[in-house]
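This is what each chain is made of:
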Amino acid sequence: MNNDEQLMEKIISLCKTRGFIFQAGELYGGMSGIFDYGPLGTLLKNNIKNLWIRKFVENRRDTYLLDSAIIMGEKPLTASGHVGTFVDPLVTDLETGKDYRADHILEENNINPEGMTIDHMTQSIKDNNISSPEGNDFGDVREFNLMLKTQLGSSSDSSSTAYLRPETAQGIFINYKNIMDSMHPKIPFGVAQIGKAYRNEITPRNFIFRLRELEQMEIEYFIHPDSWEAEFDYWKDEMNEWSEMIGLDMNKLHEVEIGPDDRAHYSQRTVDFEFDYPFGQKELFGLAYRGNYDLSKHAGASKTKLQYTDPIRNETFVPHVIEPSMGLDRTILAILASAYTEDEIDGNTRSFLKLAPAIAPYKIAVSPLVKNKDHIVDEANRVFGLLKAEFGNVAWDDNGNVGKRYRRQDEIGTPFCVVVDYDTLEEGHADFGTVSIRHRDTAQQERVAITELNNYFTEKLSN
Ligand code: GAP
């Protein structure tokens, strides 16, 4: 196993053993491409979502939140082009019946599938004598629709066909009129949504990288078409700023211009933000200029005007859209890959997560130095209550000795450990009324007065 493979193994193992991420349905053998977030993973996820809402909604005047339904009917998804064109190229091993992504198979054989049609791929597999990983022949490449289909109610006629949404974006477009009529926004404005999306990926892989159930954080920013280039650049900068805020290793982030043959069916320009994951450089976020593709299609299919009238220019038009789209699960994987660190303390290797304090599952852990002295435990409990009331995600940790507690908190990324000890309670001692604060990244300690803790952590934890 090389270093990158080892790193990936360590991250997956840490996620399971420390309650971040579990394989869904593990008790029954597990489901491929579907994961559950455990107690610490849920805290991490919520911290990221809250920070995203703070940056992209609360700190702005022009963006609204939405929480639209996951289940969508066939009509809107036909209008949006997903029923017809949301497909991946699939190829099957003729002996085992196992399915593969044809473009991935070509890439693994050093053939660039960019711009190839299905027929080209079939031909290329034949011409290059490419066989399956099991050494068998492949059949012809065909298109496979990635949407998860379901049926509403007891009737099985086609009007009851529904889908789990493949992107949160469509819920925003089909609510454009509701948002205009209820909020009366002026262009430019954004609608932001965080939520689950579903894709029946042919080969889910790389832990939480390619999932069948995923979560997206998306903004549809409605603009006048004349300003699309400036808005596109502005949102590119915003996405870079966001990446820095959440502690991504910026040296591992790359902006990649996607060529016309490789863009999604709705996009006139796409820049992917790719990240150097341990398994290679792959997409993390996407920024797309969707023009007025979606609103025009929904207007046509629903026979409803989806327009905007500019009160100053007295001009009516179908707004265009810039779409910053951020997958939450891939964000978490990139954060973990950026944060996982090993160093040496007292001759021992320690592993720790160098998470930005704003997103760490626990901001602070509080412990009594010893468990068998009531006055120390009581004071530690009091400090714990004070900090929990102010900062919420604070852990209580009194297991094992202090050294072991530090290691445990390091491993889950807690930036500060507060310890109440004998000196805290010894009147006349220079450290009376203070606690020890130990810093995760440096392992250094300092004394801070209990009365100063709120100010101290407010400053340290502010973004
Ligand atoms: N609304 C635009 C859209 O959905 P996309 O590039 O298909 O565009 C956006 O997806 C983001 O969603 C990606 O950049 C990625 O972060 C995330 N994503 C897409 N498919 C995913 C999958 N199968 N597993 C995990 N994340 C995925």
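Here, every reference points to the structure presented above.
Residues numbered from 1 in each chain as written. Predicted model: local features only at pLDDT ≥ 70, side-chain atom pairs only at ≥ 80, totals over all residues. Heavy atoms only, no water.

### Notes on the site of the ligand
Here is step 1: Around the ligand there are 20 residues in total, and Glu 167, Arg 199, Glu 218, Glu 283 and Leu 284 lie nearest to it.
Here is step 2: In this structure, a nitrogen atom belonging to the ligand sits 3.5 Å away from a side-chain N or O atom of Arg 290.
Here is step 3: Contributing elements (two or more residues each) for the shell around the ligand: strand S11 (213–223), strand S14 (280–291) and strand S17 (320–327).
Here is step 4: Here the shell around the ligand takes 5 residues from S14, the largest share from any one element.
Here is step 5: Its residues assigned to classes, the shell around the ligand shows 7 nonpolar, 4 polar and 9 charged. (Near = heavy atom within 4 Å. Polar contact = N/O pair within 3.5 Å; in protein donor to acceptor, adjacent residues only side chain to side chain. Helix = DSSP H or I, 4+ residues; strand = E, 2+ residues; numbered from the N terminus. Nonpolar A, V, L, I, M, F, W, Y, C, P; charged D, E, K, R; others polar.)

### A look at the pairing of strand S19 (residues 348–353)
Here is step 1: Strand direction decides the pairing type here: strand S18 (residues 340–345) and S19, joined by 6 bridges, are antiparallel. Note on S19: the bridge partner recorded for Tyr 340 is Leu 353.
Here is step 2: Counted between consecutive antiparallel strands, the loop separating S18 from S19 contains 2 residues, among which Asp 346 sits at a positive phi close to 50 degrees. (Pairing = 2+ DSSP bridges.)

### Here's the deal with the environment of Asn 401
Here is step 1: Its place among the elements puts Asn 401 in the loop between strand S21 (394–396) and helix H13 (402–412).
Here is step 2: Within polar-contact distance, the side chain of Asn 401 engages the backbone nitrogen of Lys 404 at 2.8 Å.

### Notes on the nonpolar core
Generally speaking, soluble globular proteins have nonpolar side chains that are buried together.
Here is step 1: In terms of nonpolar packing, the biggest core is built from 62 residues, with Ile 21, Ile 48, Trp 52, Ile 208, Trp 242 and Ile 332 touching the most fellow members.
Here is step 2: Each residue touching Ile 48, except ones within four places of it in the same chain, is listed here: Met 217, Trp 242, Leu 328, Thr 331, Ile 332, Ile 335 and Ile 359. (Core = buried A, V, L, I, M, F, W, Y, C linked by side-chain atoms within 4.5 Å. Buried < 20%, exposed > 50% of the residue type's maximum accessible area, 1.4 Å probe, protein only. Contact = heavy atoms within 4.5 Å.)

### Structural notes on the environment of Gln 151
Here is step 1: Among the secondary structure elements, Gln 151 is positioned in strand S8 (residues 148–151).
Here is step 2: Owing to a relative accessible area of 37%, Gln 151 belongs among the partly exposed residues under this scheme.
Here is step 3: The spacing of Gln 151 and Lys 236 is 85 residues in sequence and 39 Å in space, taken between C-alpha atoms.
Here is step 4: Within the structure, Gln 151 has its side chain in polar contact with the side chain of Ser 160 (distance 2.6 Å).

### Observations regarding a negative patch on the surface
Here is step 1: On the surface, Glu 107, Glu 114, Asp 261 and Asp 262 cluster together to form a negatively charged patch.
Here is step 2: By the element assignment, Glu 107 lies in helix H5 (residues 102–108).
Here is step 3: We classify Glu 107 as partly exposed; its relative accessible area is 44%. (Patch = residues over 30% accessible without salt bridge, like charges linked within 9 Å, V, L, I, M, F, W, Y side chains within 5 Å. Areas by Shrake-Rupley, 256 points an atom, 1.4 Å probe, with all protein chains shown as cover. Salt bridge = Lys/Arg side-chain N within 4 Å of Asp/Glu carboxyl O. Lys, Arg positive; Asp, Glu negative; His and termini not counted. Charge placed at Lys NZ, Arg CZ, Asp CG, Glu CD.)

### Some remarks on the sheet that holds strand S9 (residues 161–164)
Here is step 1: Read from one edge to the other, the open sheet built from 3 strands follows the order S4-S9-S8, with strand pairing classed as antiparallel. Sheet topology places strand S4 (71–73) and S8 at the edges, where each strand pairs with a single neighbour. Adjacent strand axes in the sheet meet at a mean angle of 40 degrees when their direction is disregarded.
Here is step 2: In this structure, S8 lies alongside S9, joined through 4 bridges in antiparallel fashion. In the strand pairing of S9, Gln 151 is matched with Thr 161. (Axes fitted to C-alpha atoms, helices over the stretch in contact; angles between N-to-C directions.)

### Let's talk about the packing of aromatic side chains
Here is step 1: The final tally for this structure, using the stated rule, is 24 aromatic pairs.
Here is step 2: Considering the side-chain rings of Tyr 64 and Phe 189, the 6.3 Å spacing of their centres and the 75 degrees angle between planes classify their relative orientation as edge-to-face. Note that Tyr 64 is positioned in strand S3 (residues 63–66) and Phe 189 in strand S10 (residues 189–198), a separation of 125 residues in sequence.
Here is step 3: For Phe 189, a relative accessible area of 1% gives the class buried.
Here is step 4: These aromatic residues form a ring-pair network of at least three members: Trp 52, Phe 56, Tyr 221, Tyr 234, Trp 235 and Trp 242.
Here is step 5: When the ring centre of Tyr 266 is taken as origin, the NZ or CZ atom of Arg 290, which lies over that ring, is 3.4 Å away. (Phe/Tyr/Trp six-rings, centres within 6.5 Å; stacked < 30°, edge-to-face > 60°. Lys NZ or Arg CZ within 6 Å of the ring centre and 35° of its normal.)

### Description of the pairing of S17
Here is step 1: Counted residue by residue, S17 has 8 buried out of 8 residues, so it is predominantly covered.
Here is step 2: Across the two faces of S17 the burial is the same, with His 320, Ile 322, Pro 324 and Met 326 and Val 321, Glu 323, Ser 325 and Gly 327 all buried.
Here is step 3: The pairing of S11 with S17 spans 6 bridges and is classified as antiparallel. Bridge assignment links Met 217 to a residue of S17, and that residue is Met 326.
Here is step 4: Pairing geometry for S14 and S17, over 6 bridges, is antiparallel. Residue pairing across strands places Phe 285 opposite Met 326, the latter belonging to S17.

### A closer look at unusual backbone geometry
Here is step 1: Residues Ile 187 and Pro 188 are joined by a peptide bond in cis, for which omega reads 5 degrees.
Here is step 2: Inspection of the secondary structure puts Pro 188 in the loop between helix H8 (176–183) and S10.
Here is step 3: Positive phi, normally seen in glycine, also occurs at Ala 443, with a value near 65 degrees.
Here is step 4: Note on Ala 443: relative accessible area 25%, which makes it partly exposed.

### Some points on the packing of helix H2 (residues 39–58) against helix H11 (residues 328–339)
Here is step 1: Contact pair H2 / H11: the axes reach a minimum separation of 11 Å and the direction vectors enclose 110 degrees. Taken as axis vectors, H2 and H11 run roughly perpendicular relative to one another. Along the contact surface, H2 presents Leu 44, Lys 45, Ile 48 and Lys 49, while H11 presents Leu 328, Asp 329, Thr 331, Ile 332, Ile 335 and Leu 336.
Here is step 2: Partitioning the contact of H2 with H11 into residue classes produces 6 nonpolar, 1 polar and 3 charged. (Parallel < 35°, antiparallel > 145°, perpendicular 65-115°, else oblique.)

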